[in-house]
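Structure at a glance
These are the residues of each chain, in order.
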Amino acid sequence: MNDSIHKNRIIIFDTTLRDGEQSPGASMNTKEKIEVAHQLARLGVDVMEAGFPITSPDDFEAVRTIAGEIEGPTICALARALEKDVTRAGEAIKPARRGRIHTFIATSPVHVEKKLRMTRAEVLKNAVEAVRLARTYTGDVEFSCEDAGRTDWDYIVEVLAAVIEAGATTLNIPDTVGYTVPEQFGNCIKYIREKTPGIDQCVISVHCHNDLGMAVANSLAGIRNGARQAECTINGIGERAGNASLEEIVMMLKTRKDYWGLETGIRTEEIYRTSRLVSRITGIRVQPNKAVVGANAFAHEAGIHQAGVLRDRTTYEIMTPTHVGWLGESMVLGKHSGRNALRQRLESLGFASLSSEDMERAYTRFKQLCDVKKEVFDEDLLAIVEDEILQSTATYRLVDMEIQAGMAAPPRVRVKVAISGAGAGEDDIREAECAEGDGQVDALYKALGQIAGVDVKLLDYQIESVTAGRDAQGRVKVRMTIDGHEVKGMGIATDVIVASVQAYLNALNRHVLLQRLNGAAKEVTRGL
Ligand code: KIV
Ligand code: ZN
C-alpha cells in the first residue's frame, strides 16, 4: 500500500463549494465561497473541492483565489473528461500548495448511451486521456465513474485499471442518483478493491447522494469495505436530496470509534459553526431534527428524558454537545456588560478578527437588544454579528419606517432608506409610501421596490426564531429575483417586520455587489 494511505485514517473530502453549491438556490458568490473555504480549513477537511472552473469565469476565479489563499487542505477542481475542462481546472489550481484535479465521466449504460451517446470503448479512452492530461498539472489526480451505482462492476474495474495505469491516485465511486442499498454498495467497493489491478497503490473514495436517504449509510458501508476517502458536504446540501452529510459521517466515526476503529482529522468543535455559516450563506435552513447540527439535536422535551439528563447526561445523550461546538442557550451577557465583555465573548464564538467598526456596530446592536430582550444568548450574539457583517457593505440602509394597519383596510406604510455610493458625498435619503398590498410586509416591499427602482419578484420568504421565548429575535430569509437575477437576503431583529425589511435590503445590497463584481450576475452553465 502507498505510504500516504493510512489504514485507519479516513480522508474527508468536502464538496460543499461544488456539489453543495449545485443545490437549488444555493449558489454563492466568490466572496462567500472564500469565507466558507476559510471555515472549512479551520474545520480541518483534508480536501476541499472548490468548484468546477469550466462552468463560468466566476467559478474559475473562485477556485483560483481559494487555491492561492487557503493553507492546509488540498484544493481540488472538478473537470469532465474533456481537454478544455482539465486544462481550465489545471490553471485554476496552479496557485495551490497542494492541488488536485478531479476528472469524471459517466459509466452506467443509461448515461453512456443516452447522455454521452458514446461506446464504452470511447468512454474508457476519454477517461485515460483526461487523467494523463491532468497528471501534467499535478501528481494528485482523482477519477470518478459517474453513476457507478448503476454501472456493472466489471466495467468499473476495467475503467479503473486503465486510469490507474494513466496515473490516477484516487478512485471515486459515486452513487450519483442515490440508488444503491448499503450492503450492495459495500460489496461493490469490496469487489473493486479485490479485482482492480494496482488499486492498492490508490485511495478508494465514496461519493453518495441522498435520494433515498441512504447517503451516509452507503458511505459508511463503503468505508467498512475499504474506502478511505468520504466525499460529503456540510449539512448534507447538494444536488436534489443532497450529498452525504460531513457532520454525520465524522460524528459516527468518532462516537462509535469502538466499532469502526477509524479516525478523521476533523476538529469537531468547529462543526456547528461551519453548519451555521453554510446555512446563512446559502439560505438553506437546517431542519430542526437534523442529526448532529439540528436545533433539536440536543434538546430534551419529554419530562422523563429531562429528569434523566439532569441526573446524568449520558442517559439520553450519546455525544457531548460541546464536542460539535454546540453552544446551547446559556445566558451570557446582559444590560451592564461592556465592550470588553462582548469582545471576549465574540472571540470565544470564533469572531476573532472583527474590525473595530464591525465591533462598534455589534455593540450598539447588542445594547439595543438588551433593552428589548430579557436574556441575551450566544445564539443572539451570533445572529447580531452575522447580520452586522451582512449589512456592513450596505448600499441601501433602513433609516425609518411607519405602519398603520388594521383589519378593515389595507395597511398604509411609509419607509425611509439611505442610499450610499450612488454619487460622491453624502447619502441619498429616499422615502416612499404604499397603501396597498397583501399585508404589511407586502406593502413595505412594494414601497422599497419604488425606492430602488428595480423589478423585484419574491420567490421565497421564510421566518424563524433565533432562540426560544416570546422576546426572541426573528430571522427572515428571502429569495427573490431582482431585474431577472436571483439573489438571497437575510435580516434579523426582534421585530419581524423590521427583519423582513432588512432581508429585502440585504438582497438588494447583494444584488448591487454582484453587479459591481461581475458586471452582471453569474450565469450558471452547468454543462453536465
Ligand atoms: O454525483 C456525482 O457523480 C458527482 C461526480 C462529479 C463525482 O458529483
Ligand atoms: Zn455528486
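Keep in mind that this is a model prediction, so the values were computed, not measured.

In terms of regular secondary structure, the chain is built from 17 helices and 16 strands. Of the accessible surface of the chain, which amounts to about 23,200 Å², a share of 49% is contributed by carbon and sulfur atoms.

Attention now moves to helix 7 (residues 182-195). One turn of the α-helix equals 3.6 residues, which is why residues spaced by three or four share an orientation. Over its 14 residues, helix 7 extends 20 Å from the first C-alpha to the last, a length consistent with the 20 Å expected when each residue adds 1.5 Å. For helix 7, the complete set of buried residues consists of Phe185, Gly186, Cys188, Ile189 and Ile192. For helix 7, the angular spread of the buried residues around the axis is 155°, confining them to a single face. In this structure, helix 7 carries Glu183 and Glu194 as exposed residues pointing more than 90 degrees from its buried face. At its buried positions, helix 7 is contacted by helix 6 (153-166), strand 6 (170-175), strand 7 (203-208) and helix 8 (215-224).

Moving on, we get to the packing of aromatic side chains. In the structure shown here, the tally under the stated rule is 6 aromatic pairs. With a centroid separation of 6.3 Å and an interplanar angle of 65°, the aromatic rings of Phe52 and Phe104 are classed as edge-to-face. One end of the pair, Phe52, is in the loop between strand 2 (47-51) and helix 2 (57-69); the other, Phe104, is in strand 4 (residues 99-106), and 52 residues separate them in sequence. You can call Phe104 buried: its relative accessible area is 9%. For the pair Trp153 and Tyr191, a centre-to-centre distance of 5.4 Å together with 50° between the ring planes defines the contact as tilted. One end of the pair, Trp153, is in helix 6; the other, Tyr191, is in helix 7, and 38 residues separate them in sequence. Geometry around Phe60 places Arg88 over its ring, the cationic atom sitting 3.8 Å from the centre.

As a further point, take the pattern of salt bridges. Per the stated rule, a full pass over the model turns up 37 salt bridges. As a salt-bridge pair, Arg397 and Asp427 come within 2.7 Å of each other at their nearest N and O atoms. With Arg397 in strand 11 (residues 396-404) and Asp427 in the loop between strand 12 (412-419) and strand 13 (428-434), this residue pair connects regions lying 30 residues apart in the sequence. A residue is classified by how much of its surface remains accessible, and Arg397, at 43% relative accessible area, is partly exposed. With a relative accessible area of 32%, Asp427 lands in the partly exposed category. Here Glu486 and Arg479 are joined by a salt bridge, their closest N and O atoms 2.9 Å apart. Residue Glu486 is classed as partly exposed on the basis of its relative accessible area, which comes to 42%. Three or more residues joined by partner-sharing salt bridges are found here, namely Arg285, Glu464, Arg475 and Lys477.

Of the protein atoms, only Asp19 (OD), His207 (NE2) and His209 (NE2) coordinate the zinc ion (ligand 2), at distances of 2.0 to 2.1 Å. Positions of the donor residues of the zinc ion (ligand 2) along the chain correspond to the pattern D-x187-H-x1-H. With Asp19 in the loop between strand 1 (11-14) and helix 1 (30-43) and His207 in strand 7, the pair connects residues that are 188 residues apart, well separated along the chain. Judged by its relative accessible area of 3%, Asp19 falls in the buried class. With relative accessibility at 5%, the residue His207 sits in the buried group.

This part takes up the packing of helix 1 against helix 2. As a packed pair, helix 1 and helix 2 sit with axes 10 Å apart at the nearest point and diverge in direction by 35°. Crossing handedness for the pair helix 1 and helix 2: right-handed. Residues Thr30, Lys33, Ile34, Ala37 and His38 of helix 1 lie in contact with helix 2, whose contacting residues are Asp58, Asp59, Ala62, Thr65, Ile66 and Glu69. Broken down by class, the residue content of the contact of helix 1 with helix 2 amounts to 4 nonpolar, 3 polar and 4 charged.

With respect to the helices and strands, Arg414 occurs in strand 12. One polar contact links Arg414 to Glu402, side chain to side chain, over a distance of 2.7 Å. At 2.7 Å, the side chain of Arg414 and the side chain of Glu431 are in polar contact. In this view, Arg414 contacts Asp400, Met401, Glu402, Glu431, Ala432 and Glu433; residues no more than four positions away in its chain are not counted.

What follows concerns the environment of Arg120. If you trace the backbone, Arg120 turns up in helix 5 (residues 120-135). Along the backbone, Arg120 and Pro109 are 11 residues apart, and their C-alpha atoms lie at a distance of 8.7 Å. When neighbours within four sequence positions are excluded, Arg120 is seen to be in contact with Val112, Asp152 and Tyr155.

Turning to the site of ligand 1, a few remarks are in order. If you check the shell around ligand 1, you find Arg18, Asp19, His102, Phe104, Ser144, Glu146, Asn172, Pro174, Thr176, His207 and His209 and nothing else. At a separation of 2.6 Å, an oxygen atom of ligand 1 approaches a polar side-chain atom of Thr176. His209 places a side-chain nitrogen or oxygen 3.0 Å from an oxygen atom of ligand 1. Summarising the interface, the protein chains cover 95% of the accessible area of ligand 1, which totals 260 Å² for the free molecule. Taken together, the elements giving at least two residues each to the shell around ligand 1 come down to strand 4, strand 5 (141-146) and strand 6. Residue composition of the shell around ligand 1, by class: 2 nonpolar, 6 polar and 3 charged.

Conventions and cut-offs
- Residues numbered from 1 in each chain as written.
- Chains lettered and ligands numbered in written order.
- Predicted model: local features only at pLDDT ≥ 70, side-chain atom pairs only at ≥ 80, totals over all residues.
- Heavy atoms only, no water.
- Helix = DSSP H or I, 4+ residues; strand = E, 2+ residues; numbered from the N terminus.
- Areas by Shrake-Rupley, 256 points an atom, 1.4 Å probe, with all protein chains shown as cover.
- Expected span 1.5 Å × (residues − 1).
- Buried < 20%, exposed > 50% of the residue type's maximum accessible area, 1.4 Å probe, protein only.
- Arc of directions from axis to C-beta.
- Contact = heavy atoms within 4.5 Å.
- Phe/Tyr/Trp six-rings, centres within 6.5 Å; stacked < 30°, edge-to-face > 60°.
- Lys NZ or Arg CZ within 6 Å of the ring centre and 35° of its normal.
- Salt bridge = Lys/Arg side-chain N within 4 Å of Asp/Glu carboxyl O.
- Donors = N, O, S within 2.8 Å, 3.2 Å for Na, K, Ca; no water.
- Axes fitted to C-alpha atoms, helices over the stretch in contact; angles between N-to-C directions.
- Left-handed = near helix turned anticlockwise from the far one by under 90°.
- Nonpolar A, V, L, I, M, F, W, Y, C, P; charged D, E, K, R; others polar.
- Polar contact = N/O pair within 3.5 Å; in protein donor to acceptor, adjacent residues only side chain to side chain.
- Near = heavy atom within 4 Å.

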